[in-house]
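# Chains, contacts and geometry: an overview
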Amino acid sequence: AKCVDISLSSCTDVAYTQTMYPNLLDQKSRQVIEYSSEYILISVLHNLLQGECNPDLRLLGCSVLAPQCEKDKVIKPCRHVCEHLKKNCLPAFDAIDMAWPYFLDCDRFFAGEEEGCFDPLAKLRGEPEVEEDLPSDLPATFIQFKHHSYSQMVSVLKKTASRCSHIATTYSIGRSFEGKDLFVIEFSTKPGHHELLKPEFKYIGNMHGNEVVGKELLIYLAQYLCSEYLLGNPRIQNLINNTRIHLLPSLNPDGYELAAEEGAGYNGWVIGRQTAQNLDLNRNFPDLTSEAYRRAGIRGARLDHIPIPQSYWWGKVAPETKAVMKWLRSIPFVLSASLHGGELVVTYPYDYSRHPLEEKMFSPTPDEKMFKMLAKAYADAHPVISDRSELRCGGNFVKRGGIINGAEWYSFTGGMADFNYLHTNCFEITVEVGCEKFPLEEELFTIWHENRDALLNYMEMVHRGIKGIVSDKFGNPIKNARISVRGIQHDVTTAVDGDYWRLLPPGTYIISAQAVGYSRVMKRVTLPTKMKQAGRVDFVLRPVEAWPSKLLRRPMEDAYDLYDPLELFDPHAQPETRGGSAQAREKPWWWSYFSSLDLHKPLWLLKQ
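Residues numbered from 1 in each chain as written. Predicted model: local features only at pLDDT ≥ 70, side-chain atom pairs only at ≥ 80, totals over all residues. Heavy atoms only, no water.

Looking at an unreviewed UniProt entry, one finds the chain named Carboxypeptidase Z, with Tinamus guttatus as its source organism. Looking at the Subcellular location (unreviewed entry) heading of the UniProt record, one finds this comment for the chain: "Secreted, Extracellular space, Extracellular matrix". (UniProt positions renumbered as here; feature names shortened; annotations may be inferred.)

Here is the structure:
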């Protein structure tokens, strides 16, 4: 047997070019493999699992069906890669009642590193490209103002986190449809951990793949925060010492790759905007705004922590969208901004009009004053947005101060900002950072300096309003307690440690805290105009024997479990057809994918 070129259509993107027949399953030719149930399975796994664990599983399957061949010798895939993937992906198979494929048996078809093996997933991990040779005498604070490919971005973020390892770390919130990690760099005095009363902040860039300025700004911002902290910049040290900051430069790395092929300066308005699944991520979130409008006229109804309707999962949900939603569940974010391109203006919720047929209709949230204050914090610190000239990019918004209510600009549903506000405690605005979506590299230095102070100024806004701890009389924290502000129909809830943050503009407020099984406590709070730090307002709740049913608030974890099951709901399951025969229900719904096989149907996928 000799090495031959790989000609299997589902395996053309593996990291090697040659394989050998028979393969590890003793299948003796390409034709035999293509008509096998094993090959059909890896070809349709992305549909069966709705993008989860793919393309990882497909590439792992290819490493068995078409193993790497060098010098007429087969090299087996690495066992530790298989074991890690099985641990993470077995729940996805369980969810559709499918057994783990026999040909992905980690002991049988894979090898240990000591035997000599290859990693079939190496190309998914953003392996560093050959980088430009830079002068060795460059200062540590040097920032290279250029467009970064995916692997270059990962390399810069990892190097930055390594240089500031005492205040920074990197992590992934999930994978894109094509398997790229959605990398975040975090800055905090205790990286990787939530600290009591320290607010959580996030920036998200490149939600639309062809809008690249936000991505580059966040890469530069990460390097700037690290360098300035090490240099002793008091503003940056104060920010990082008192805030946990998360920067996600690229939410749509698949779309960015497509846009980058067109090149800077020549990119159209749509190429690369959507994901590899042809989904617009800023239209892919649950429409909770319609539900908020329905509730607005109901006395006592809350316009916060609205659960995700189960009907939402019947549509196509991008893995990038799921990753953000799970991220929001795992961290008690207080403030956020999403960086876009194509205009120069700051918008704030709601993004969906109060009247579905009105494309441009002022549609404020209960926190209209706070959102305007947040939007102005960015706009006023940006020298071009705050410029009064109308003959420039963004000149149409000069009379509005460079900010506008999203739905008044143009209405759309399924946006990320509305979802943040209506499903979690987080307030999010959208910043359109420039009229060019993919500018030339020589423009990036100027764009950075125009946005740098605005980025910092907006982050500091996370410390406005009030914060505190809700506990019982013994000092035990109470999670999911509700913090209400009289006159504002929108509550926030306490985190696991009982701490909370409530963004508020200056003024006098009646604040109350309540939780199931405890009496309500109310306090009068005044926030002076010049106050730049959150006021500390703690609450001690006392238990009550009988909890009035009309005041009963379901704890948020119960609300998620019953009505909003992001973690528990099975998006792969299909509803049973009424009146279906028992025989038709004997096989799971995915069995039809293998109907073309007369013989050798994959009985090994059926759970016994």
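Attention now goes to the overall build of the chain. Looking only at helices and strands, the chain has 15 helices and 20 strands in total. With 608 residues in all, the chain has 55% of them scored as buried. When contacts within the chain are restricted to residue pairs at least 6 apart in sequence, long-range pairs at least 24 apart make up 74% of them. As displayed, the chain has an accessible area near 27200 Å², and 51% of this comes from carbon and sulfur atoms. (Helix = DSSP H or I, 4+ residues; strand = E, 2+ residues; numbered from the N terminus. Buried < 20%, exposed > 50% of the residue type's maximum accessible area, 1.4 Å probe, protein only. Contact = heavy atoms within 4.5 Å. Areas by Shrake-Rupley, 256 points an atom, 1.4 Å probe, with all protein chains shown as cover.)

Moving on, we get to the nonpolar core. Of all hydrophobic cores here, the largest spans 96 residues; its most connected members are Phe187, Tyr203, Leu221, Leu247 and Leu374. The element best represented in this core is helix H6 (residues 213-231), accounting for 11 residues. When neighbours within four sequence positions are excluded, tyrosine 203 is seen to be in contact with Leu218, Leu221, His246, Leu247, Leu248, Ala337, Leu339, Tyr378, Ala454, Leu455, Tyr458 and Met459. (Core = buried A, V, L, I, M, F, W, Y, C linked by side-chain atoms within 4.5 Å.)

The next thing to look at is the packing of aromatic side chains. Within this structure, the stated rule accounts for 30 aromatic pairs. Centre to centre, the rings of tyrosine 220 and tryptophan 448 are 6.2 Å apart; their planes meet at 85 degrees, and the pair counts as edge-to-face. With tyrosine 220 in helix H6 and tryptophan 448 in helix H14 (residues 444-460), this residue pair connects regions lying 228 residues apart in the sequence. For the pair tyrosine 220 and tryptophan 448, a shared accessibility class is recorded, and that class is buried. Linked through ring pairs, Tyr293, Tyr348, Tyr350, Phe371, Tyr421 and Phe427 together constitute an aromatic cluster. Its guanidinium or amino end placed over the ring of tyrosine 256, lysine 215 lies 3.3 Å from that ring's centre, counting from NZ or CZ. Over the face of the ring belonging to phenylalanine 539 we find lysine 523, whose NZ or CZ atom lies 5.1 Å from the ring centre. (Phe/Tyr/Trp six-rings, centres within 6.5 Å; stacked < 30°, edge-to-face > 60°. Lys NZ or Arg CZ within 6 Å of the ring centre and 35° of its normal.)

Here we come to the sheet that holds strand E11 (residues 403-405). Across a sheet, paired strands are connected by hydrogen bonds in the backbone, their directions being either parallel or antiparallel. Spatially, the 8 strands line up as an open sheet ordered E5-E6-E8-E7-E9-E12-E10-E11, and their pairing is mixed. Pairing within the sheet leaves two strands with one partner each, and these edge strands are strand E5 (168-175) and E11. This sheet shows a mean twist of 25 degrees between the axes of neighbouring strands, independent of strand direction. In this structure, strand E7 (residues 200-205) lies alongside strand E8 (residues 244-248), joined through 5 bridges in parallel fashion. Bridge pairing in E8 links lysine 202 to histidine 246. (Pairing = 2+ DSSP bridges. Axes fitted to C-alpha atoms, helices over the stretch in contact; angles between N-to-C directions.)

Residue placement: serine 176 occurs in the loop between E5 and strand E6 (181-187). There is a polar contact of 3.0 Å between the side chain of serine 176 and the side chain of aspartate 254. (Polar contact = N/O pair within 3.5 Å; in protein donor to acceptor, adjacent residues only side chain to side chain.)

The next subject is the sheet that holds strand E15 (residues 488-493). The sheet built from 4 strands is open, its strands ordered E15-E14-E17-E18 with antiparallel pairing. Each end of this open sheet is capped by a strand with a single partner; those strands are E15 and strand E18 (521-527). Geometrically, the sheet is characterised by an average inter-axis angle of 25 degrees between neighbouring strands, direction not taken into account. Sheet topology note: the strand E17 (residues 507-514)/E18 ladder contains 7 bridges and is antiparallel. The residue bridging alanine 513 from the neighbouring strand is valine 521, located in E18.

One pass over the structure, following the stated rule, counts 31 salt bridges. In this structure, glutamate 428 engages lysine 202 in a salt bridge whose closest nitrogen and oxygen atoms are separated by 3.0 Å. With a gap of 226 residues between them, glutamate 428 in strand E12 (residues 427-434) and lysine 202 in strand E7 connect regions that are remote in the sequence. When sorted by exposure, glutamate 428 lands in the same class as lysine 202, which is buried. The shortest N-O distance in the salt bridge between glutamate 460 and arginine 235 comes to 2.8 Å. One end of the pair, glutamate 460, is in helix H14; the other, arginine 235, is in helix H7 (residues 234-242), with 225 residues separating them in the sequence. Under the relative-accessibility criterion, arginine 235 is labelled partly exposed at 32%. Taken together, the shared-partner salt bridges connect Glu178, Lys180, Asp254 and Glu257 into one network. (Salt bridge = Lys/Arg side-chain N within 4 Å of Asp/Glu carboxyl O.)

Across the 8 residues of E12, 8 count as buried, placing the element largely inside the fold. Two elements, strand E9 (residues 333-340) and E12, share 6 bridges in a ladder whose sense is parallel. Across the sheet, the residue bridging to alanine 337 is isoleucine 429, located in E12. The sheet contact formed by strand E10 (residues 343-348) and E12 spans 5 bridges and is antiparallel. Along E12, the bridge assignment pairs glutamate 343 with glycine 434.

Attention now goes to helix H10 (residues 319-330). Compared with the 16 Å implied by 1.5 Å per residue over 12 residues, the 16 Å span of H10 between its first and last C-alpha is a close match. In terms of residue burial, H10 counts as a mostly covered element, since 9 of its 12 residues are buried. For H10, every residue scored as buried is listed here: Pro319, Glu320, Thr321, Lys322, Ala323, Val324, Met325, Trp327 and Leu328. (Expected span 1.5 Å × (residues − 1).)

All right, on to the confidence of the model for the chain then. For any part of a model where pLDDT is low, the fine detail of the predicted coordinates should not be relied upon. Taken as a whole, the chain shows an average pLDDT of 88; of its residues, 90% reach a score of 70 or greater. Within the model, pLDDT remains below 50 along residues 550-565, and this stretch shows 34 contacts once partners closer than five positions in the same chain are excluded. Low pLDDT, under 50, characterises residues 568-585; the predicted model gives this stretch 18 contacts beyond four residues in sequence or across chains. (pLDDT = per-residue confidence, 0-100.)

The next thing to look at is helix H4 (residues 79-95). In an α-helix there are 3.6 residues to a turn, and that puts residues three or four apart on one side. With 17 residues, H4 should reach 24 Å at 1.5 Å per residue; the first-to-last C-alpha distance of 24 Å fits that figure. Among all positions of H4, only Val81, Cys82, Leu85, Cys89, Ala92 and Phe93 are buried. Buried positions along H4 lie against helix H2 (37-48) and helix H3 (56-65). Of the residues trailing H4, aspartate 97 is marked for its positive phi of about 60 degrees.

All right, on to the packing of H6 against H14 then. It is the contact of H6 with H14, at a shortest axis distance of 10 Å, that shows an interaxial angle of 70 degrees. Taken together, the axis directions place H6 and H14 in an arrangement best described as roughly perpendicular. Here the hand of the crossing between H6 and H14 comes out right-handed. Contact residues: H6 offers Val213, Leu217, Tyr220, Leu221, Tyr224 and Leu225, while H14 offers Leu444, Ile447, Trp448, Asn451, Arg452, Leu455, Leu456 and Met459. (Parallel < 35°, antiparallel > 145°, perpendicular 65-115°, else oblique. Left-handed = near helix turned anticlockwise from the far one by under 90°.)

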